[in-house]
Structures are given as structure tokens and as C-alpha cells.
Amino acid sequence: MKVIDTKNAVGHVLCHDITRIVPGEFKGVAFKKGHIIKEEDIPELLKLGKDHLYVWEKSEGTLHENEAAIRIKDHVAGEGLIFGEIKEGKIDFFAAEDGIVSIDVDELLKANSIDEIIISTIHNNTPVKKGEKIAGTRIIPLVIDEKKIERLEEICKKNIISVKKIYPKKTAVITTGSEVFYGRIQDKFGPVIKSKVGEYNCEVVSHVFCPDDKEVIKSEIEKALNSDAELVICTGGMSVDPDDMTPTSIKEVGGELVTYGAPVLPGAMLLVAYKDNKTILGLPGCVMYAKRTVFDLVLPRVLADEKLTFKDIAKYGHGGLCLNCEICHFPHCSFGK
């Protein structure tokens, strides 16, 4: 610190809070520690009796908290973000558009393992709306050794926090099951699927019904894959029952099967496959009646053009148990995190 004449303080950084007291009306902080003094602040400071100020004396190799926070933000922030006003070494990150949060968790740990630096985020793969806060970074002290910031820039990948854009996709729905095909029971899947994909502005361009006949199911899957549909959803309830021909049909039309099964409840019987750069999802019966299921976890990632792997699905085991809360707060809950 050094002491300077208040009239010469423009551009300097306060090293402590300055209090304003108006008897019977107000008592509180008028200028916070770390505030960069502006021309218009001088008269107010003089009114508070501050003819001299203790300010930060910049020295080589150190950074003010705001400078350091900007450096961190510039390194870790990727696409799809907007930022709040920098304040006391803190910058908030917000979603620039609807999408899904992408956090490189391993790189985030590296950054937070550097002393006096913190980066805090919401959970990876959380769907977000435009304007939602997703992360924040700040420096703990008023000044920080520049070497710590350089260390972060050296060991951490760039763009470890981003929001992936959601791309609404034309969707084909294929409902299997002789009981529905022959009108013995009413289809319950269609309205649910339409509502779920509608949350992301997807259009259901076709919805067909098939009996439990492998050749018919294969034919309808091939038609969907050869149409302008970008996402193919097979419903009717995936099961280990020999009558369920959907998994076999998907494989026999050339689908690249990623997984048949997921460590998620509800939703264990999820099927994920790919063919000709199109995603094929086989949905379990729980999608019909449960508030949120594995479908709610994988759908936004598919719409963000992620190609899911077996490992991606396996990771859902930690947090994959929905508690079926009476009031559902998804996605702001533990499910899928």
C-alpha cells in the first residue's frame, strides 16, 4: 500500500472499504476494497473526509484481482457465453442462448488446484435457457502473483466451459407393439414424445405404428432413415421379452449399437444407435408415465450434435437415480449429474 492525495487518486485501487454514515438514515460501505477510483468519485471521497487514501501500489509480477479474473475468463471461457460485470475479482458466466452446458471436469479440477484461484460451475450436461448463470470465477486476495495465472494458462486447456447450442431436429417416431397396432389399447407414447421433443422446438414429421413383426419394423426404420428426419425414435417399450423385435431390427438395418441398457432409473432399457449420421433411440416404457427419465438426459445432448459413447452412458450411473420428487425441479436437481 501507499498513501496518496485523494485529488491524485484517479485510476488507483482502494486497499480497504470506505464507510459512509448519515445519522438516522444510512450506515454502510460507500466504496469497496478493490474499487478503481474514477474522476466522479473524488468529490464524494472528499465529502467523506478522505483527503488521503491508501491505495494499491502496483509492482512487477503481481496482478490486481480484476486483471487476474479477466485473464482467467479469457482462457477458460468457450462458445455460447456472455459475462457479467467484473466486481471484486469476480466474473459471472451466463448462457448466451438455450443449450446444454459443457464442462471439462478434469481441466476444471486442475484450475481449482492452483492456490488463490476459484472457478465454480453448475453441473456438466445441464440444459439451460438463455440468460441462466452457469459459472463464476474469482481471485481470493486483492492482488495475486502473476505466476499463478500463468500456471493456469500453461497447464489447463482453453475453453473448458461452454454452452453447446441446441439444434431442433425433424423427428420420426416408430411405435411398435401389436396391442397398439391392432387398436387393442390406446397409444400413450406419441403425445409424450411430441411434448418432450417440443421442449426443444423439434418437429415430429412422422409417426407410424408397427406390429411385433421384425420385417415390418425394419422396413419402417429404413423409411425413416431415408427420409428427411434427423432423429429416429422407436417407442413401445424396450424389453428383454423375445417378442420385442426393435433391438434386432435396428441392428439388422445396419445400426451401430452403442448401448442397450443404461445405469439410470427410470430408464434402464434405453437403446442408443447410429446409422448414416442419424441417431436412433429406443425408449423404455417408463417414458410414458415418469416425469423425467433417461430420455430427458440424452435428448439435449443428441440435439447438440454430440455422438454419445458407451462411456458417456456409463457415467450416468453416478446421479442416475431419480428420486421422483413430488415437485419436480429438473434439471436443477441431482438427476443425471
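See the structure shown above.
Everything quoted here is computed from the prediction, not taken from an experiment.

Draft legend 1. How the structure looks around the layout of surface pockets. Volume-wise, the largest pocket comes out at about 640 Å³. Lining the largest pocket we find 22 residues, and of these Ile103, Val105, Asn124, Asn125 and Lys315 sit closest to its centre. Among the elements of the structure, strand 8 (99-103), helix 3 (105-112) and helix 10 (310-314) are those that each provide at least two residues to the lining of the largest pocket. Counting residues per element, the lining of the largest pocket draws most heavily on helix 3, which supplies three residues. Looking at the lining of the largest pocket residue by residue, the class counts come to five nonpolar, seven polar and ten charged.

Draft legend 2. Region of the structure containing the sheet that holds strand 19 (residues 278-282). Ordered by their spatial adjacency, six strands build an open sheet running 15-14-16-19-18-17, and the pairing between neighbours is mixed. The sheet terminates laterally at strand 15 (203-210) and strand 17 (256-260), the two strands that pair on one side only. For this sheet, the mean angle separating the axes of adjacent strands, direction not counted, is 15°. When strand 14 (residues 170-176) meets strand 15, the two strands line up parallel, connected through seven bridges. Considered in strand 15, the bridge of valine 173 is made with histidine 207. Packed onto the sheet, helix 7 (residues 214-226) meets strand 14, strand 15, strand 16 (231-235), strand 18 (271-275) and strand 19 and runs at close to 175° relative to strand 14.

Draft legend 3. Examining the side chain of aspartate 92 more closely. Relative to the helices and strands, aspartate 92 resides in strand 7 (residues 90-95). Taking relative accessible area as the criterion, aspartate 92 reaches 18% and is therefore assigned buried. Non-local contacts of aspartate 92, meaning those with residues more than four positions away in its chain, are made with Ile82, Phe83, Gly84, Lys133, Ala135 and Gly136.

Draft legend 4. Broad picture of helix 6 (residues 189-198). When we look at burial in helix 6, the residues that qualify are Phe189, Gly190, Val192, Ile193, Lys196 and Val197. Axial view of helix 6: buried residues confined to an arc of 165°, hence all on one face. Counted as exposed and oriented over 90 degrees from the buried face of helix 6: Pro191 and Lys194.

So, how was this worked out
Along each chain, residue indices are assigned from 1 in the same order as the chain's sequence is written. Local features in a predicted model are, by the rule used here, given only for residues with pLDDT of at least 70; side-chain atom pairs are given and counted only at 80 or more, and totals for whole chains, interfaces and linings are based on all residues. For the side-chain quantities, the full set of heavy atoms in the structure was used; hydrogens and water were omitted. Only protein atoms enter the 1 Å grid used here. Points where a 1.4 Å probe fits but cannot escape make up a cavity, open sets with protein on both sides within 12 Å along at least five of seven lines make up a pocket, and a residue lines them when an atom lies within 4 Å of a point. Grid points are joined across faces, edges and corners, and a volume is the space filled by probe spheres set on the points. The helix count covers DSSP runs of H or I at least four residues long, the strand count covers runs of E at least two residues long, and both are numbered beginning at the N terminus. When residues are sorted by character, Ala, Val, Leu, Ile, Met, Phe, Trp, Tyr, Cys and Pro go into the nonpolar class, Asp, Glu, Lys and Arg into the charged class, and all the rest, Gly among them, into the polar class. At least two DSSP bridges between two strands are needed for those strands to be called paired. Structural elements are reduced to axes, namely lines fitted to C-alpha atoms, with helices fitted over the stretch in contact, and the angle between N-to-C directions of any two is expressed from 0 to 180 degrees. Contact definition: two residues touch when any of their heavy atoms are within 4.5 Å. Categorising residues by exposure relies on relative accessible area from a 1.4 Å probe, with only protein chains included: less than 20% of the type maximum marks a residue as buried, more than 50% marks it as exposed, and the intermediate range marks it as partly exposed. Think of the arc as the fan of directions from the helix axis to the C-beta atoms.

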